[in-house]
Amino acid sequence: MREIKFRAISLRTGEWVYGEFHLMCKHPHIHTGIGITEPIDVSTIGQFTGLKDSNGRETYEGDVSRFPPADQWEE
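Residues numbered from 1 in each chain as written. Predicted model: local features only at pLDDT ≥ 70, side-chain atom pairs only at ≥ 80, totals over all residues. Heavy atoms only, no water.

(A) Structural context of the overall build of the chain. Along its length, the chain carries 0 helices and 5 strands. Going residue by residue from the N terminus, the α and β elements of the chain occur as β-β-β-β-β. For the chain, buried positions account for 24% of its 75 residues. Counting only contacts in the chain whose residues sit at least 6 apart along the sequence, the fraction spanning at least 24 positions is 38%. Accessible area of the chain: about 6,100 Å², with a carbon and sulfur share of 54%. (Helix = DSSP H or I, 4+ residues; strand = E, 2+ residues; numbered from the N terminus. Buried < 20%, exposed > 50% of the residue type's maximum accessible area, 1.4 Å probe, protein only. Contact = heavy atoms within 4.5 Å. Areas by Shrake-Rupley, 256 points an atom, 1.4 Å probe, with all protein chains shown as cover.)

(B) Molecular detail of the packing of aromatic side chains. All told, the structure shown has 3 aromatic pairs when counted by the stated rule. For the ring pair Phe 48 and Tyr 60, a centre distance of 5.5 Å and an interplane angle of 50° mean the geometry is tilted. Here Tyr 60 lies in strand E5 (residues 58–60) and Phe 48 lies in strand E4 (residues 36–52), a separation of 12 residues in the sequence. For Phe 48, a relative accessible area of 5% gives the class buried. Look at Tyr 60 and you get buried, because its relative accessible area is 3%. Pairwise contacts between aromatic rings join Tyr 18, Phe 48 and Tyr 60 into one cluster. Positioned over the ring face of Phe 48 is Lys 5, at 5.3 Å from the centre of the ring. A cation over an aromatic ring shows up here: Arg 7 above the ring of Trp 16, its NZ or CZ 4.2 Å from the ring centre. (Phe/Tyr/Trp six-rings, centres within 6.5 Å; stacked < 30°, edge-to-face > 60°. Lys NZ or Arg CZ within 6 Å of the ring centre and 35° of its normal.)

(C) Representation of the side chain of Thr 59 in the model. Relative to the helices and strands, Thr 59 is located in strand E5. A polar contact is formed between the side chain of Thr 59 and the side chain of Thr 49, at a distance of 2.6 Å. In this structure Thr 59 touches Gln 47, Phe 48, Thr 49, Leu 51, Lys 52 and Asp 53, once residues within four positions along its chain are discounted. (Polar contact = N/O pair within 3.5 Å; in protein donor to acceptor, adjacent residues only side chain to side chain.)

Below you can see the structure in the form of structure tokens.
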């Protein structure tokens, strides 16, 4: 079964946060741990696709992939 999790940019730190997405009234947030929530920028929400890239990193909706990798491009 696919793991359901999300990521978004924190309004507080400006960095990516990962966890469960909750939309509560006017205050959307990501639940990142036991009792820990982070206010987020809703325009940056992406759901985990269940897949990993060639480097083993999780891929989320909205990610941009390059093939071949940028360091192998010909000019």
